[in-house]
Amino acid sequence: MKDRVLVGSCKGVLRVLFRILFRIDYRGLENIPAAGPALIIPNHQSYLDPLFVGAAVRRSVRYMAMKKLFRWSGVSSFLRFYGAFPVNLRRADKDAIKACLKFLRGGEAVIIFPEGGRARDGKLMDFYQGFARIALLQQVPIVPVTIAGAHQVWSPAHRFPRFRKVSVTFHPPIYPSDFEMADRTHALHIVDQVKQTIESALEI
């Protein structure tokens, strides 16, 4: 990724700010693969979630972000600089899938929010199965991530963020090869396990 040093510096600044403003607590950082392709799969509670998660990942990482965010040139430039690429949530977006596969084949980590949007009540919504299909196709590890407390920081009901405690837990990777042969072709089995893992640490 271009400007890796600058992006890394931005992440360092964000980590400090998050500790001060949100008393952020990062857990399980050792579960983030140090190298090689990986899918990082968090729940989604606030506008700040991509920054909360991405700031903790010291390596280069990509983000699948809503296409509508790229409509504004300033926002689009920042998102692309930070590693994001657009996805259309209203249909099966072949371009986004191709981009994700390209990054994974290049040994990068990709962050995907499987709920497709922020939960209005802080509880988990249904997960799209796309990330599980990609994991099965590429045989890459999935790192479930639980974001807790961010709903109180900046939920869809609030116009501006508030200062509340946030916890981000990186769970041990889930490997498609860990499933029984009969289950490996069914993305739903992986989706269920990832969702249950995220839900297990949802309260702080």
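Here's a quick rundown of the structure. (Residues numbered from 1 in each chain as written. Predicted model: local features only at pLDDT ≥ 70, side-chain atom pairs only at ≥ 80, totals over all residues. Heavy atoms only, no water.)

## A short note on the overall build of the chain
And step 1. A tally of helices and strands in the chain yields seven helices and seven strands.
And step 2. Secondary structure elements of the chain occur, N-terminal to C-terminal, as α-β-β-α-β-α-β-α-β-α-β-α-β-α.
And step 3. Here the C-alpha atoms of the chain give a radius of gyration of 16 Å, agreeing with the 17 Å that 2.2 N^0.38 yields for 204 residues.
And step 4. A principal-axis box enclosing the C-alpha atoms of the chain has dimensions of 45 × 35 × 35 Å.
And step 5. Classification of the 204 residues of the chain by burial places 50% in the buried group.
And step 6. Look at the contacts in the chain between residues 6 or more apart in sequence, and 74% of them connect residues 24 or more apart. (Helix = DSSP H or I, 4+ residues; strand = E, 2+ residues; numbered from the N terminus. Rg over C-alpha atoms; globule rule 2.2 N^0.38 Å. Buried < 20%, exposed > 50% of the residue type's maximum accessible area, 1.4 Å probe, protein only. Contact = heavy atoms within 4.5 Å.)

## Comments concerning the packing of aromatic side chains
And step 1. Counted under the stated rule, the structure contains eight aromatic pairs.
And step 2. Taking 6.1 Å as the distance between ring centres and 50° as the angle between the ring planes, the aromatic pair formed by F18 and F22 counts as tilted. Here the residue F18 and the residue F22 both occupy positions in helix α1 (residues 4-22), the gap between them amounting to four residues, near one helical turn.
And step 3. When its relative accessible area of 5% is taken as the criterion, F18 is described as buried.
And step 4. Ring geometry for F22 versus F163: centroids 6.1 Å apart, planes at 55°, classification tilted. Of this pair, F22 sits in helix α1 while F163 sits in the loop between α6 (150-154) and β7 (167-170), placing them 141 residues apart in sequence. (Phe/Tyr/Trp six-rings, centres within 6.5 Å; stacked < 30°, edge-to-face > 60°.)

## Notes on the sheet that holds strand β3 (residues 61-66)
And step 1. Across the sheet, which stays open at both edges, the seven strands sit in the order β1-β7-β6-β2-β5-β3-β4 with mixed pairing between neighbours. Of all the strands in the sheet, the pair left with one neighbour each is β1 (25-27) and β4 (84-87). Direction aside, the axes of adjacent strands within the sheet are offset by 20° on average.
And step 2. Two elements, strand β2 (residues 38-42) and strand β6 (residues 142-148), share four bridges in a ladder whose sense is parallel. Bridged to P42 within β6 is V145.
And step 3. In this fold helix α5 (residues 130-138) packs onto β2 and β6, with an angle of close to 160° to the strand it touches most, β2. (Pairing = 2+ DSSP bridges. Axes fitted to C-alpha atoms, helices over the stretch in contact; angles between N-to-C directions.)

## So, the nonpolar core
And step 1. The biggest cluster of nonpolar side chains holds 34 residues, and the ones touching the most others in it are F18, I40, F52, V168 and F170.
And step 2. Elements that contribute at least two residues to this core include exactly α1, α2 (49-54), β3, α3 (73-82), β5 (109-111), β6, α6 and β7.
And step 3. Ranked by the residues each element gives to this core, the list is headed by α1, at four residues.
And step 4. Formed by 29 residues, the second largest nonpolar core is a distinct cluster that contains C100, F127, A187 and I190. (Core = buried A, V, L, I, M, F, W, Y, C linked by side-chain atoms within 4.5 Å.)

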